[in-house]
Amino acid sequence: MKIIQATFYIKEEKRDQFLTEVTALIAATRSEEGCLSYNLYESVETKNQFAMIEHWEDQAAIERHNQSPLLKQLFANMADYAAKPTALSFSEPIK
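Residues numbered from 1 in each chain as written. Predicted model: local features only at pLDDT ≥ 70, side-chain atom pairs only at ≥ 80, totals over all residues. Heavy atoms only, no water.

Asker: So what about the packing of aromatic side chains? Which residues, and what values?
Answerer: For the coordinates displayed, the defined rule picks out five aromatic pairs. Plain terms: the ring middles of Phe18 and Phe50 are 5.3 Å apart, the flat faces sit at 45 degrees to each other, and that makes the pair tilted. Taken as a pair, Phe18 in helix 1 (residues 15-29) and Phe50 in strand 3 (residues 49-56) lie far apart in primary sequence, 32 residues in all. Judged by relative accessible area, Phe18 falls into the buried class, the value being 0%. For Phe50, a relative accessible area of 3% translates into the label buried. Where Phe18 meets Tyr81, the ring centres are 6.2 Å apart and the plane angle is 80 degrees; that geometry is what we call edge-to-face. Separated by 63 residues along the polypeptide, Phe18 in helix 1 and Tyr81 in helix 3 (residues 69-81) bring together distant segments of the chain. Given the relative accessible area of 4%, Tyr81 is considered buried. (Phe/Tyr/Trp six-rings, centres within 6.5 Å; stacked < 30°, edge-to-face > 60°. Helix = DSSP H or I, 4+ residues; strand = E, 2+ residues; numbered from the N terminus. Buried < 20%, exposed > 50% of the residue type's maximum accessible area, 1.4 Å probe, protein only.)

Asker: A description of the sheet that holds strand 4 (residues 82-91) should follow, citing residues and the corresponding values.
Answerer: One open sheet accounts for four strands, arranged 2-3-1-4; its pairing is antiparallel. Looking along the sheet, the strands with just one partner apiece sit at the ends: strand 2 (35-42) and strand 4. Taken pair by pair, the neighbouring strands of this sheet meet at an average axis angle of 10 degrees, ignoring direction. Pairing of strand 1 (residues 2-10) with strand 4 involves seven bridges; the strand directions are antiparallel. For Ala6, the partnering residue across the bridge sits in strand 4 and is Leu88. In the packing of helix 1 onto the sheet, contacts are made with strand 1, strand 2 and strand 3, and the angle to strand 2 comes to roughly 165 degrees. (Pairing = 2+ DSSP bridges. Axes fitted to C-alpha atoms, helices over the stretch in contact; angles between N-to-C directions. Contact = heavy atoms within 4.5 Å.)

Asker: Can you lay out the nonpolar core for me, pointing to particular residues and giving the numbers?
Answerer: If you look at the biggest cluster of nonpolar residues, it comprises 20 residues, and the most contacted ones within it are Phe8, Phe18, Tyr38 and Met78. Put simply, the parts of the chain that give this core at least two residues each are strand 1, helix 1, strand 2, strand 3, helix 2 (59-65) and helix 3. (Core = buried A, V, L, I, M, F, W, Y, C linked by side-chain atoms within 4.5 Å.)

Asker: Give a description of helix 1 that names residues and reports values.
Answerer: The end-to-end C-alpha separation of helix 1 is 21 Å, in line with the 21 Å expected for 15 residues at 1.5 Å each. Of all the positions in helix 1, only Arg15, Phe18, Glu21, Val22, Leu25, Ile26 and Thr29 are classed as buried. Viewed end-on, helix 1 has its buried residues packed into an arc of 140 degrees, placing them on one side of the element. Projecting away from the buried face of helix 1 at angles above 90 degrees are the exposed residues Asp16, Thr20 and Ala27. Among the structural elements, strand 1, strand 2, strand 3, helix 2 and helix 3 are those in contact with the buried residues of helix 1. (Expected span 1.5 Å × (residues − 1). Arc of directions from axis to C-beta.)

Shown next as structure tokens:
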């Protein structure tokens, strides 16, 4: 299993647009082959800070997901949505 965490810092005025777009992405991604879970959380301490926690079966599933038109669209729009750069981390569970 592969785990990805993407932390988004969204401008207040872009919050609704971001949430609309990311909600469609979440719904589509959950049906992708190899997606074990795909969830968005909002910080209770920092308004408009979101964490996407993704669990994937393997690297091939991630690579297929990275070709998703909805994911590509979101990242194309992030320059407009983001108050600061997205932070990404990748890990695997300890066996």
